Protein chains: 2
Amino acid sequence: MSDFPENATLGSVPESAVLARIFPRLPHSDATIIGPGDDCAVMRAPDSRFVVTTDMMVHGPDFRLEWSTPHQLGIKAAATNLSDVAAMGAKPTGMVVSIAAPKDTTVEFLEHIADGLKDACEELAPGCGVVGGDLSVSNTLAISVTAFGDLEGREPLLRSGAQPGDVIAFSGRLGLAGLGLAELFAGNKNAGHPLALTAQLAPWPPISQGVAGAIGGATSAMDISDSLMMDAGRISQASGVIIEFSEQALDDLAAHLAIEIGVDAAKARQAILYGGEDHALLMTFPADVLLPPGFTVLGTVKTVGAEEHPHVNMGEGAMPENGWNPYTDWNGEIS
Amino acid sequence: MSDFPENATLGSVPESAVLARIFPRLPHSDATIIGPGDDCAVMRAPDSRFVVTTDMMVHGPDFRLEWSTPHQLGIKAAATNLSDVAAMGAKPTGMVVSIAAPKDTTVEFLEHIADGLKDACEELAPGCGVVGGDLSVSNTLAISVTAFGDLEGREPLLRSGAQPGDVIAFSGRLGLAGLGLAELFAGNKNAGHPLALTAQLAPWPPISQGVAGAIGGATSAMDISDSLMMDAGRISQASGVIIEFSEQALDDLAAHLAIEIGVDAAKARQAILYGGEDHALLMTFPADVLLPPGFTVLGTVKTVGAEEHPHVNMGEGAMPENGWNPYTDWNGEIS
């Protein structure tokens, strides 16, 4: 190791040497039977099922190196996938990670991504680790993660399980990541509120609340990745119900966020409803269930009337405004 | 569907509309409990384990749109991952697929990738299908696949299991893909031998031979993705043995390939030993085992002597020559 060149890049040292530097930094998975080094990893699936999700982050539409450190990229790549596993009510067990990076990317940069993956796994999902991966060169930096989880014998939480009479509740934070992105686009990388910037750049979702919600009786769940309105809309569509947010609950959340971050309440409320990438967990529970600690009620689930379609009723005064959609809004620039 | 715009691109229609076009074309997995549409898929793992591998293909180092059709890209993305599952002695059950593509990519292009994924799964690994994915925009086209498999109660085949006294054998084709790549680099996309070009652009590995080899008593296995020499070297290192190829076996293979493709025997032999991306299956078997149909003996496994290290003995007359290494050899150009 001592003769590893300083400032080595992907293009200047053999792939095997790069992997030898990165592998020891990756988090270990307790569910591994055979780890990295063979054609496949072999993973435990104790209840004869596993959940799987995948998400790719691309430089430009999904992140900017001008804004994110590689450590933050590692955290975000892990956290967004872990959040999807949690949203099924499953315990994350492992992930595979593919990175495509320009040849002038330093090995140190990749090490910091690995450290971010490790910190996110160890803190958010103890026992979950990286069990395999792939390293490629590319003109565009991209990080692709596929994560697995264990339902531990429980039924998966689906978007389609919400029942009229349920309450709808969330765990995590709402609005912070959207406010953080607005600060970045406004050029306030150094002046914006640190909580908002961190929520956007290195999200820290409540992964263990997925299992807690499932054990606590949740009837449906999803990860709020696009926005509370859009994702609640998906539960309402999948379940064939109306979701009615409580004016008071939204006002309380907005007032709290406004004080915490120093924005006005209307802006806070809009961020809560329409901001993306919060990765809070949205779940419905029967009304007679004691909510697990850390869940906050947002409203109720109602039957769709004769003249109605499934929809979300957000209360008064909120004006729809779309957040950043990397799929349609990105103009091809990366800085 | 009828009002879907002709020549629609990723940038001109909503993501949901693109996915609505692609989803119905994807192959179905028999191991699916919950398919695409929720935060995760839920997969069966009948023996309480699953194998997992991941591989990303990037435009430039790993493929060129000048050479490959999108249908071929879909086949190659699936086949290379299925081959890793087969190399563990497992039956492929499912895969997730992430695609990052420029905004001007047509939806039709993505449909053809989906058709390639479907053809590869249905023909090479019946019952295996796509259970989830992600679609992103990017300046660089990349396809990332993570594939799963079922060991059906058997022990996984590892690189480390070869024993002195074993024979080493392969199933599939050797040398064709390397000859095909040489034709492409030489500008013979239309003049090269179709078998060689197809082996490179749309590999068709012997996936079912993974299970056949495992049932047939194989002691070690791997997918020949880099080259016979390099990958046999990995088995020799992992198992702590010497692998000695038979001069006669290599001569026979080279003579056959030379006649089939119309190259001289020395070139054919070099392609067999040093060409990459064949995705043949390399396995070792006890000498007293009747090889499963479709396996051809290449040589024998020997004990490492007192003054030796594990290595591969390739017989006389072959000169090492490295094939294309996308990691080090790519110069950043994509056409």
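## So, the overall build of chain A
Reasoning step 1: Counting its regular elements, chain A contains 10 helices and 12 strands.
Reasoning step 2: Taken over C-alpha atoms, the radius of gyration comes to 21 Å for chain A, in line with the 20 Å a tight globule of 335 residues would show.
Reasoning step 3: In terms of its C-alpha atoms, chain A occupies a principal-axis envelope of roughly 70 × 50 × 30 Å.
Reasoning step 4: Looking at chain A as a whole, 58% of its 335 residues qualify as buried.
Reasoning step 5: The contacts of chain A with a sequence gap of at least 6 include a subset with a gap of at least 24, amounting to 84%.
Reasoning step 6: For chain A, the accessible area works out to roughly 12900 Å², and carbon and sulfur atoms hold 52% of it.

## Here's the deal with the packing of helix α4 (residues 176-185) of chain A against helix α5 (residues 194-201) of chain A
Residue and element names in this part refer to chain A.
Reasoning step 1: Axis separation between α4 and α5 bottoms out at 7 Å; the angle between their running directions is 100°. Looking at the two axes, α4 sits roughly perpendicular to α5. Mapping the contact onto sequence places Leu176, Ala177, Leu179, Gly180, Leu181, Glu183 and Leu184 in α4 and Leu195, Ala196, Leu197, Ala199, Gln200 and Leu201 in α5.

## What about the sheet that holds strand β12 (residues 312-313) of chain B?
Residues and elements named next belong to chain B.
Reasoning step 1: If you trace the six strands from one edge of the open sheet to the other, you get β8-β10-β7-β11-β9-β12, paired in mixed fashion. The sheet is open, and its two edges are formed by β8 (220-224) and β12, each paired on a single side.
Reasoning step 2: Looking at chain direction, strand β7 (residues 167-171) and strand β11 (residues 296-302) are connected through four bridges and run antiparallel. In the strand pairing of β11, Ile168 is matched with Gly299.
Reasoning step 3: Against the sheet, helix α6 (residues 208-215) contacts β7 and β10 (280-285), and its axis sits at roughly 0° relative to β10.

## What about the pairing of β10 of chain B?
Residue and element names in this part refer to chain B.
Reasoning step 1: Where burial is concerned, most of β10 is hidden: six out of the six residues are buried.
Reasoning step 2: The sheet contact formed by β7 and β10 spans five bridges and is antiparallel. Paired with Val167 across the two strands is Phe285, which belongs to β10.
Reasoning step 3: Sheet analysis places β8 next to β10, joined by five bridges and oriented antiparallel.

## A look at the domain arrangement of chain A
All names here are of chain A.
Reasoning step 1: Here chain A is partitioned into domain 1 (15-150) and domain 2 (159-323).
Reasoning step 2: Look at where the C-alpha atoms of domain 1 and domain 2 centre, and you get two points 26 Å apart.
Reasoning step 3: Each partner contributes residues to the interface: domain 1 has 23 residues there, and domain 2 has 21 residues.
Reasoning step 4: Buried area between domain 1 and domain 2, both sides added, is near 1800 Å², and the carbon and sulfur share of it is 68%.
Reasoning step 5: If you look at where domain 1 meets domain 2, you find one salt bridge.
Reasoning step 6: One salt bridge connects Lys76 with Glu277, and the closest N-O pair in it is separated by 2.8 Å.
Reasoning step 7: The interface formed by domain 1 and domain 2 contains four residue pairs in polar contact (both at pLDDT 80 or more).
Reasoning step 8: For the side of domain 1 that touches domain 2, the secondary structure elements donating two or more residues are α2 (70-86), β4 (91-101) and α3 (107-124).
Reasoning step 9: For the side of domain 1 that touches domain 2, the element with the most residues is α2, which contributes nine residues.

## Some words on the relation of the copies chain A and chain B
Reasoning step 1: Note on the copies: chain A fits chain B at an RMSD of 0.0 Å, the axial shift is 0.0 Å, and the rotation between them is 180°. Here the copies are linked by what is in effect a two-fold axis. For chain A, the minimum C-alpha distance to the rotation axis belongs to Ser48 of chain A and amounts to 2.1 Å.

## A few points about the side chain of Ser220 of chain B
All names here are of chain B.
Reasoning step 1: Relative to the elements of secondary structure, Ser220 occurs in strand β8.
Reasoning step 2: Within the local environment of Ser220, its side chain forms a polar contact with the side chain of Thr284, the two groups lying 2.6 Å apart.
Reasoning step 3: Not counting residues within four places of it along the chain, the set of residues in contact with Ser220 comprises Leu158, Arg159, Gly161, Ala162, Ile235, Leu282, Met283 and Thr284.

## Let's talk about unusual backbone geometry
Reasoning step 1: A positive phi angle is found at Ser48 of chain A, which is not glycine, with a value near 65°.
Reasoning step 2: Within the element layout of this structure, Ser48 of chain A appears in the loop between β2 (41-44) and β3 (49-58).
Reasoning step 3: Positioned with a positive phi, Glu277 of chain B is a non-glycine residue whose angle comes to about 65°.

## Remarks on helix α2 (residues 70-86) of chain B
Reasoning step 1: For α2 of chain B, spanning 17 residues, the distance from its first C-alpha to its last is 24 Å, which sits close to the expected 24 Å at 1.5 Å a residue.
Reasoning step 2: Across the 17 residues of α2 of chain B, 16 count as buried, placing the element largely inside the fold.

## Details of the packing of aromatic side chains
Reasoning step 1: Taken as a whole, this structure holds 10 aromatic pairs over all chains when the rule is applied.
Reasoning step 2: Centre to centre, the rings of Phe50 of chain A and Phe148 of chain A are 6.3 Å apart; their planes meet at 75°, and the pair counts as edge-to-face. One end of the pair, Phe50 of chain A, is in strand β3; the other, Phe148 of chain A, is in strand β6 (residues 142-150), and 98 residues separate them in sequence. Of the two residues, Phe50 of chain A and Phe148 of chain A, both sit in the buried class.
Reasoning step 3: Arranged with centres 5.8 Å apart and planes meeting at 85°, the rings of Phe148 of chain A and Phe148 of chain B form a pair that is edge-to-face. In this pair, Phe148 of chain A sits in strand β6 while Phe148 of chain B sits in strand β6 (residues 142-150), so the two residues belong to two different chains. We note that Phe148 of chain A, like Phe148 of chain B, is buried.

## So, the sheet that holds strand β11 (residues 296-302) of chain A
All names here are of chain A.
Reasoning step 1: Taken together, six strands build an open sheet; the order of strands is β8-β10-β7-β11-β9-β12 and the sheet is mixed. Both outer strands of the open sheet, β8 (220-224) and β12 (311-313), are each paired with one neighbouring strand and no more. The sheet shows a mean angle of 25° between the axes of neighbouring strands, direction not considered.
Reasoning step 2: Set on the sheet, helix α6 (residues 208-215) makes contact with β7 (167-171) and β10 (280-285); between it and β10 the angle comes to about 0°.

## Quick look at the environment of Ala306 of chain A
Reasoning step 1: Mapped onto the secondary structure, Ala306 of chain A falls in the loop between β11 and β12.
Reasoning step 2: Residues Ala306 of chain A and Asp264 of chain A, spaced 42 residues apart in sequence, show a C-alpha to C-alpha distance of 39 Å.

## What about the interface of chain A and chain B?
Reasoning step 1: The interface of chain A with chain B comprises 66 residues on the first partner and 65 residues on the second.
Reasoning step 2: Summed over both sides, the interface between chain A and chain B buries roughly 5100 Å², with carbon and sulfur atoms accounting for 59% of that surface.
Reasoning step 3: When residues of chain A are sorted by the area they lose upon contact with chain B, Asp39, Phe50 and Tyr327 of chain A head the list and together hold 18% of the total.
Reasoning step 4: Taken together, the links from chain A to chain B amount to four salt bridges.
Reasoning step 5: With its nearest N and O atoms 3.9 Å apart, the salt bridge here joins Arg159 of chain A to Asp38 of chain B.

## A word on helix α9 (residues 265-274) of chain B
Residues and elements named next belong to chain B.
Reasoning step 1: All of the buried residues along α9 are Ala268, Arg269, Ala271, Ile272, Leu273 and Tyr274.
Reasoning step 2: Elements in contact with the buried residues of α9: α4 (176-185), α7 (228-239), β9 (242-245) and α8 (247-261).
Reasoning step 3: Between a side-chain oxygen at the N-terminus of α9 and the backbone nitrogen of Ala266 the separation is 3.1 Å; the capping residue is Asp264.

About the thresholds
- Residues numbered from 1 in each chain as written.
- Chains lettered and ligands numbered in written order.
- Predicted model: local features only at pLDDT ≥ 70, side-chain atom pairs only at ≥ 80, totals over all residues.
- Heavy atoms only, no water.
- Helix = DSSP H or I, 4+ residues; strand = E, 2+ residues; numbered from the N terminus.
- Rg over C-alpha atoms; globule rule 2.2 N^0.38 Å.
- Buried < 20%, exposed > 50% of the residue type's maximum accessible area, 1.4 Å probe, protein only.
- Contact = heavy atoms within 4.5 Å.
- Areas by Shrake-Rupley, 256 points an atom, 1.4 Å probe, with all protein chains shown as cover.
- Axes fitted to C-alpha atoms, helices over the stretch in contact; angles between N-to-C directions.
- Parallel < 35°, antiparallel > 145°, perpendicular 65-115°, else oblique.
- Pairing = 2+ DSSP bridges.
- Domains from an automatic or database assignment.
- Buried area = accessible area lost by both parts, 1.4 Å probe.
- Salt bridge = Lys/Arg side-chain N within 4 Å of Asp/Glu carboxyl O.
- Polar contact = N/O pair within 3.5 Å; in protein donor to acceptor, adjacent residues only side chain to side chain.
- Least-squares fit on C-alpha atoms with pLDDT ≥ 70 in both.
- Expected span 1.5 Å × (residues − 1).
- Phe/Tyr/Trp six-rings, centres within 6.5 Å; stacked < 30°, edge-to-face > 60°.

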